[in-house]
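# Descriptive analysis of the structure
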Amino acid sequence: MDSDDDVPQLSADTLKLLQEFRDDQDTQAKQFEKLKSEAETNFENGSGKFSMDMFGEDWNASQFWYTDETARTLAKQLLKDVTEDSAIAVVSAPSVYVAIRNILSETPLPFKLKLRLLEFDRRFEVFGTDFVFYDFEQPLRLANELRSGFDRIICDPPFLSEDCQTKAAMTARFLAKSWSKGGDQDLRFISCTGERCGEIIHRLYSQLGVRTTTFLPKHSKGLSNEFCCYSNFECEDWSLQ
């Protein structure tokens with residue numbers, strides 16, 4: 001029989017590092033649960049403000065958060081003239097979702113607005129039932145209750161490829177109450193993505209009358225690609241080109 005001497009032993013320093021790693025994991029898990037509880041409580045109470053600083057960017061996952069100013073501009077246009085029948089879908093743009101939540105915290109509505117964040121990053125599950133897990137590779141794998149349920153949609157596809165843009169458009173069409181040009185009763189639509197995707201965007205959303213706008217979204221840590229905002233309506237923040 002082998003003796004205990006043959007069993008590999010970890011050094012004291014390695015054991016210390018391993019324990020520190022486990023402690024850090026426990027701390028992060030507790031912080032996440034605390035954040036989740038606070039987020040859900042604040043949402044129910046209509047109070048509390050959030051920051052994207054809570055969620056670090058993962059550039060490998062093509063995560064690039066907007067500046068607060070850009071996020072609030074887009075959020076404001078999605079919230080403009082909302083009624084109790086309105087519903088907003090935020091697809092792959094969590095910083096806009098957070099801005100919407102913050103605006104609603106500052107100026108509560110007299111009704112509960114239907115708001116959903118479709119996002120791959122499960123950290124955003126802290127926002128409770130507003131969160132919908134979304135993988136653009138499976139653009140229609142969504143609950144049937146979301147079909148044709150939204151009159152305000154913003155999409156920020158994670159990648160600039162035609163494949164990703166096309167699948168995001170499939171998702172938008174699945175979610176949209178209507179698929180026609182912007183108006184009082186029609187879909188209010190925004191897509192923020194690279195300038196080089198302009199031709200693809202115009203083709204995918206031609207029925208909506210989507211065009212390039214004069215608004216230029218900015219990212220908190222900068223972005224090497226030229227970024228544009230595309231929409232099917234004009235407002236005080238942009239005109240259509």
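So, here is what we can say about the structure in this document. (Residues numbered from 1 in each chain as written. Predicted model: local features only at pLDDT ≥ 70, side-chain atom pairs only at ≥ 80, totals over all residues. Heavy atoms only, no water.)

### Observations concerning the packing of aromatic side chains
Throughout the structure, instances matching the rule amount to nine aromatic pairs. Relative to Phe 124, the ring of Trp 65 has its centre 6.1 Å away and its plane inclined at 85°; by these criteria the two rings are edge-to-face. Here the residue Trp 65 occupies a position in the loop between α1 (12-45) and α2 (68-79), and Phe 124 occupies one in the loop between β2 (114-119) and β3 (131-133), the gap between them amounting to 59 residues. Residues Trp 65 and Phe 124 agree in their burial class; the two are buried. Plain terms: the ring middles of Phe 136 and Phe 159 are 5.8 Å apart, the flat faces sit at 55° to each other, and that makes the pair tilted. With a gap of 23 residues between them, Phe 136 in the loop between β3 and β4 (152-155) and Phe 159 in the loop between β4 and α4 (162-175) connect regions that are remote in the sequence. Judged by relative accessible area, Phe 159 falls into the partly exposed class, the value being 36%. Three or more aromatic residues joined by ring pairs make a cluster, and in this case those are Phe 50, Tyr 97 and Phe 127. Sitting above the plane of the Phe 150 ring, Lys 114 keeps its charged end 4.7 Å from the centroid. The positively charged end of Arg 122 is found above the aromatic ring belonging to Phe 133, 4.0 Å away from the centroid. (Phe/Tyr/Trp six-rings, centres within 6.5 Å; stacked < 30°, edge-to-face > 60°. Helix = DSSP H or I, 4+ residues; strand = E, 2+ residues; numbered from the N terminus. Buried < 20%, exposed > 50% of the residue type's maximum accessible area, 1.4 Å probe, protein only. Lys NZ or Arg CZ within 6 Å of the ring centre and 35° of its normal.)

### Focus on the nonpolar core
The biggest cluster of nonpolar side chains holds 37 residues, and the ones touching the most others in it are Leu 74, Ile 88, Val 90, Val 96, Ile 100 and Ile 190. Contributing elements (two or more residues each) for this core: α2, β1 (87-91), α3 (94-106), β2, β5 (188-194) and β7 (227-231). Broken down by element, this core gets its largest block of residues, seven residues, from α3. One finds Val 132, Ile 153, Cys 197 and Cys 228 within the second-largest nonpolar core, a separate group that totals 31 residues. (Core = buried A, V, L, I, M, F, W, Y, C linked by side-chain atoms within 4.5 Å.)

### What to know about α3
The end-to-end C-alpha distance of α3, which contains 13 residues, comes to 19 Å, matching closely the 18 Å that a straight helix rising 1.5 Å per residue would cover. By the criterion of burial, α3 is predominantly enclosed, with 12 of the 13 residues buried. Buried within α3 we find Pro 94, Ser 95, Val 96, Tyr 97, Val 98, Ala 99, Ile 100, Arg 101, Asn 102, Ile 103, Leu 104 and Ser 105. (Expected span 1.5 Å × (residues − 1).)

### Brief notes about the sheet that holds β5
Strand pairing in a sheet is mediated by backbone hydrogen bonds. Such pairs are either parallel or antiparallel. Taking strand neighbours across the sheet as the criterion, the seven strands line up as β3-β2-β1-β4-β5-β7-β6 in an open arrangement whose pairing is mixed. The open sheet terminates on both sides in strands that have one partner only, identified here as β3 and β6 (211-212). In this structure, β1 lies alongside β4, joined through four bridges in parallel fashion. In the strand pairing of β4, Val 90 is matched with Ile 154. Packing of α2 onto the sheet brings it into contact with β1, β4, β5 and β7, and relative to β4 it is tilted by some 155°. The sheet contacts of α3 involve β1, β2 and β4, and relative to β2 the element is tilted by about 155°. (Pairing = 2+ DSSP bridges. Contact = heavy atoms within 4.5 Å. Axes fitted to C-alpha atoms, helices over the stretch in contact; angles between N-to-C directions.)

### Things to note about the pattern of salt bridges
Across all of its chains, the model carries 11 salt bridges by this definition. Between Asp 237 and Lys 76 there is a salt bridge, and its shortest N-O distance comes to 3.2 Å. Here Asp 237 is found in the segment after β7, whereas its partner Lys 76 is found in helix α2, with 161 residues between them in sequence. Take Asp 237: its relative accessible area is 24%, and that puts it in the partly exposed class. What makes Lys 76 partly exposed here is its relative accessible area of 37%. Residue Arg 101 is joined to Asp 130 by a salt bridge in which the shortest nitrogen-to-oxygen separation is 3.8 Å. Residue Arg 101 is found in helix α3, and its partner Asp 130 is found in the loop between β2 and β3; the two are separated by 29 residues along the sequence. On the basis of relative accessibility, which here comes to 5%, the residue Arg 101 falls in the buried class. One connected set of salt bridges, linked through shared partners, spans Arg 101, Arg 116 and Asp 130. (Salt bridge = Lys/Arg side-chain N within 4 Å of Asp/Glu carboxyl O.)

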